[in-house]
Structures are given as C-alpha cells and as structure tokens.
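Commentary on secondary and tertiary structure
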Amino acid sequence: MDREAVVDLGAITANVAALCELVRGSQVLAAVKADGYGHGMVPAARAALAGGAAWLGVADLDEAVALRRAGITAPVLCMMTFGDPAEAVRHDIDLAAGSAGYVAAVEAAAVRAGVQARLHLKADTGLSRGGATPADWPGVVAAALAAQARGSVRVTGLWSHFACADMPGHPSITAQLASFADAVAVAEKAGVTPEVRHIANTAAALTVPESRYDLVRFGGAVYGLSTLPGGAPSWLRPVMTLRARLAMVKRVPAGTGVSYGHRYVTARETTLGLVPLGYADGVPRGAAGLPLVSARGRRWPIAGTVCMDQFVVDFGDEPAAVGDEVVLFGPGDDGEPTAQEWGEALGTISYDIATGIGARVPRTHPGGDH
Ligand SMILES: *Cc1c(COP(=O)(O)O)cnc(C)c1O
C-alpha cells in the first residue's frame, strides 16, 4: 500500500441495517451514484443490499446499466432525467420523469423494446431542479396515465426532493411536505396507484419522520456521512479511510521554502515527509496549512501548497521515516480527522471530500467483496 482508500463494506452493511431499523415500515433505497459516493459503486451496492436495502439509486442511465451488467437485479431508480432511456428500459430500470416530453421518450423506448417501462413521476415541490412545477404537474400525470393506458408504461412512483433538509426547522421543509402531499393527492385522484411515494434523503429521514413515506432515499448515511450540522449521528460509521505511506523523508535547514510558491518556509531545522496524494487525488488545494493529517499518533499540518500528485508535511524533530502511515481521514477512532472535519475545514461538505477522491487511488476492501 502506497496510498489507498480503504472501504469498510461491513460498515456499509451495518449502516444500512441500522437505517432499515430506524425507518421500519418504509423501504430503504441506497444511493450509489457517483461511484457510490466515491466508495466504489458495485461493492457498495452489494453491501447495501446485504444490509437490507430494497432499492438502489443512481443519477444517470450509464450508472444504472452498469449495476445490471454487474448482475444486480434489485430495483434501481435512475434519478436524473436526461439521455436516451432505451438501454435502461431494456434493463428494467425505474426511470424518473418530470415532464410530458420525458414521459413520451420513456414510452417510445418501451414500445421499441417491447417491454413495460417503470416510471416515477417527479414533482418540483420547491427545489427548482428536476421535477414538474405544481402548474405543470397535472399535465405530466395525465401524459403518464395516457401512456400507462396504452400499456407500455407503469407509474410505479411519485416523488420529490428537499432543498433544505439539512437545515432543521427551515420553513421550506414543511412547505415542501405540504406541496408533495398535494402532488400525491392530485396524481392519486387522477388514477395513479404508485408502489412507492418518496421525498426524504438522509437529512430529512433523520430529522423529519413524517417525510419517510413508503421509501427513503439514503445516500450519505449509507457511508456514515451526513450534511446535517455536526455530521452523521454516531451510530452511523464512516466507511472510508484515506491513507498513504511517506514516500520520502529529509532533513532540511531553517529558512527552507517548501513546495510551489514557497508558501511555507521552515522556521528551524526540521524533518519533511512527502505524502503521495495531491489535488488530482482529491486532496483539496485549499488544505495548505491545515492540521488535517494524522501520523505517528498525532496531527500534523500540511506544509505549503498541495501539488497535483503529492504534498509535504513538516514533522519537526519527530523521527518520521519512509513508509510511515499517514491518515487523512477515517472513522475517527484513533483521533484521525473525519471526512466531516475535512469538509468543515474546507468550507464544503463531507460528500464533496469523499466523491472527490480520484480514480488513481485504489479502493481496497479489507473484508472482501460481497
Ligand atoms: C443523491 C440523492 C439522494 C441522497 O441524498 P443524501 O443527502 O446523500 O441522503 C436522494 N435523492 C436524490 C434525488 C438525490 O439526488
């Protein structure tokens, strides 16, 4: 191991099992989009299914098809609505539509494939991203019901997504819940009989029980992460540990400029260690100077500019040696930083840190793949 992202698949399984227990009565969808939030999509999906997830969620059609190609047969919801759905329809992916135009595209693909497409109609209840506005909703519902009557489409879901679920008490949360209840009522009155109605993500499911409906779409929580203030509750375990071994160690005199731009200059004779991870691997350039590295039982600051492929740590008179393990983030058991702490220090969220870990960093699974 020179550098690796250790992905504790057993923790994914345990997190999902705990989430299933929490929302008992509602089904659990595990979001594995964006390569499983950076953890590896297919292994994460299998671990989540082992924990009791009934559904998997992805962002785009290629991700959905990749799950099928890996042999995964569980229901998969593709949450974004763009691209030609032909291949996804053939693979029995649940598709989302927030416009009559995309309903038509899904129906056309189903007719060509000679199958019945499964469709979740998406209401825009206030995020103003995907989904039909309240004004457009009745038309989308009517288009879907007409397609369903022709036989090539079945409306399997009604759904929406929150804008401010990680801001507990934000007035938009109750407003969106009310708007979603209206959208569901309109659709059901028109004749839609959905298998699942769903609006909650991690933050909503954890803080607003009435948002759970029939299905909760958990993303961050699967990986022990959350966008809520303070991060995920402690009963969820962070899944990824990012670590590397020092590639080089050298003794330098006082006044030595370190890394690009000499933004760090040694105050006295000291020992520098070279960590083979850079911003191309997802270590943010803004981390320069921050004490976000754990080695030899304590924290150390990043010395100077984070380069594309590596950065430097100033170890003072500590007897650091080539091969010493450096942990950037992990579950926090041994005082190492967490992805939550990295997110807070960098003015972003833990998801941004985890999904940013580059493809060059091998994902290893100590427990073995499921
Ligand atoms: C990614 C995503 C989720 C999961 O969100 P988390 O905050 O990670 O739980 C849920 N719903 C939609 C539409 C998403 O895009």
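The following paragraphs examine the structure supplied in this document. (Residues numbered from 1 in each chain as written. Predicted model: local features only at pLDDT ≥ 70, side-chain atom pairs only at ≥ 80, totals over all residues. Heavy atoms only, no water.)

Considerations on the site of the ligand
In the vicinity of the ligand lie 13 residues, with Lys33, Tyr37, Thr202, Arg217 and Gly220 positioned nearest. Between the ligand and threonine 202 there is a distance of 2.5 Å, counted from an oxygen atom to a side-chain nitrogen or oxygen. Here the ligand has 390 Å² of accessible area as a free molecule, and 92% of this is covered by the chains. Listed by contribution, the elements that provide at least two residues to the shell around the ligand are helix H2 (33–37) and strand E9 (215–218). In the shell around the ligand, the residues fall into five nonpolar, five polar and three charged. (Near = heavy atom within 4 Å. Polar contact = N/O pair within 3.5 Å; in protein donor to acceptor, adjacent residues only side chain to side chain. Areas by Shrake-Rupley, 256 points an atom, 1.4 Å probe, with all protein chains shown as cover. Helix = DSSP H or I, 4+ residues; strand = E, 2+ residues; numbered from the N terminus. Nonpolar A, V, L, I, M, F, W, Y, C, P; charged D, E, K, R; others polar.)

Considering the packing of helix H7 (residues 137–150) against helix H8 (residues 171–190)
For the pair H7 and H8, interaxial distance at closest approach is 10 Å and the crossing angle is 35 degrees. Two packed elements cross with a definite hand, and for H7 against H8 that hand is right-handed. Between H7 and H8, the contacting residues are Trp137, Val141 and Leu145 on the first element and Ala183, Val186, Ala187 and Ala190 on the second. (Axes fitted to C-alpha atoms, helices over the stretch in contact; angles between N-to-C directions. Left-handed = near helix turned anticlockwise from the far one by under 90°. Contact = heavy atoms within 4.5 Å.)

So, the packing of aromatic side chains
Describing an aromatic ring pair means giving the distance of the ring centres and the angle of the ring planes. Evaluation of the coordinates by the stated rule reveals four aromatic pairs. Judged by centre distance (5.0 Å) and plane angle (80 degrees), the rings of phenylalanine 180 and tyrosine 213 are edge-to-face. One end of the pair, phenylalanine 180, is in helix H8; the other, tyrosine 213, is in the loop between helix H9 (202–207) and E9, with 33 residues separating them in the sequence. Residue phenylalanine 180 is classed as buried on the basis of its relative accessible area of 1%. In this structure an aromatic cluster arises from ring pairing among Tyr37, Tyr223 and Tyr351. (Phe/Tyr/Trp six-rings, centres within 6.5 Å; stacked < 30°, edge-to-face > 60°. Buried < 20%, exposed > 50% of the residue type's maximum accessible area, 1.4 Å probe, protein only.)

Observations concerning the sheet that holds strand E16 (residues 298–300)
Two modes of strand pairing occur in sheets, parallel and antiparallel, and in both the strands are linked by backbone hydrogen bonds. Taken together, the six strands give an open sheet; going across it, the order is E16-E15-E19-E10-E1-E20, and neighbouring strands pair in mixed fashion. Every interior strand has two partners, whereas the edge strands, E16 and strand E20 (363–364), have only one. Summarising the sheet, strand E1 (residues 3–7) and strand E10 (residues 240–245) pair through five bridges and their orientation is antiparallel. Note that in E10 the partner of alanine 5 across the bridge is leucine 242. (Pairing = 2+ DSSP bridges.)

Here we look at the pattern of salt bridges
Inspection of the entire model under this criterion finds 20 salt bridges. Residue glutamate 107 pairs with arginine 150 through a salt bridge whose shortest N-O separation is 2.8 Å. Of this pair, glutamate 107 sits in helix H6 (residues 100–113) while arginine 150 sits in helix H7, and the two are 43 residues apart along the sequence. Since its relative accessible area comes to 13%, glutamate 107 is described here as buried. According to the relative accessible area criterion, arginine 150 is exposed, its value standing at 56%. It is possible to trace a salt-bridge network through shared partners that takes in Arg3, Asp281, Asp309 and Arg360. (Salt bridge = Lys/Arg side-chain N within 4 Å of Asp/Glu carboxyl O.)

Details of H8
Given a rise of 1.5 Å per residue, 20 residues ought to cover 28 Å, and the 29 Å separating the end C-alpha atoms of H8 matches this to within 8%. Listing the buried residues of H8 in full gives Ser172, Ile173, Gln176, Leu177, Ser179, Phe180, Ala183, Val184 and Ala187. Structurally, H8 contributes buried residues whose contacts are with H7, strand E7 (153–159) and strand E8 (196–198). (Expected span 1.5 Å × (residues − 1).)

Description of the nonpolar core
In this structure, Ile12, Leu67, Leu121 and Phe311 are the most contacted members of the largest nonpolar core, which totals 116 residues. Of the domains in this structure, domain 1 (9–223) and domain 2 (240–348) are the two that each give at least three residues to this core. Among residues more than four places away in sequence, those in contact with leucine 67 are Val32, Met41, Val42, Ala45, Leu56, Val58, Ile72 and Val76. (Core = buried A, V, L, I, M, F, W, Y, C linked by side-chain atoms within 4.5 Å. Domains from an automatic or database assignment.)

Side note on unusual backbone geometry
We note that alanine 34 has phi near 50 degrees; this positive angle belongs to a residue other than glycine. Along the polypeptide, alanine 34 turns up in helix H2. With a phi angle near 45 degrees, histidine 262 is a residue other than glycine that sits in the positive phi range. Tracing the backbone shows histidine 262 in the loop between strand E12 (257–258) and strand E13 (264–265).

A look at H7
Compared with the 20 Å implied by 1.5 Å per residue over 14 residues, the 20 Å span of H7 between its first and last C-alpha is a close match. Residues of H7 that are buried: Trp137, Val140, Val141, Ala144, Leu145 and Ala147. Along H7, the residues classed as buried sweep out an arc of 160 degrees about the axis, all on the same side. Pointing more than 90 degrees away from the buried face of H7 are the exposed residues Ala149 and Arg150. Those residues of H7 that are buried are in contact with H6, strand E6 (117–122), E7 and H8. (Arc of directions from axis to C-beta.)

Notes on the side chain of histidine 198
Tracing the backbone through its elements, the reader meets histidine 198 in strand E8. Taking the relative accessible area as the measure of exposure, histidine 198 reaches 0% and is therefore buried. Of the polar contacts made by the side chain of histidine 198, one reaches the side chain of histidine 120; its length is 3.1 Å. Excluding residues that lie within four positions of it along the chain, histidine 198 makes contacts with Leu77, His120, Leu158, Trp159, Ser160, Phe180, Tyr213, Leu215 and Arg217.

So, the pairing of strand E19 (residues 325–329)
Of all the five residues making up E19, four are buried; the element is thus mostly covered by neighbouring parts of the structure. Judged from the four bridges that link them, E10 and E19 form a sheet pairing that is antiparallel. Its bridge partner lying in E19, alanine 244 is registered against valine 326. Here strand E15 (residues 293–295) pairs with E19 via two bridges, running antiparallel. Within E19, the position partnered with serine 294 by the bridge is valine 327.

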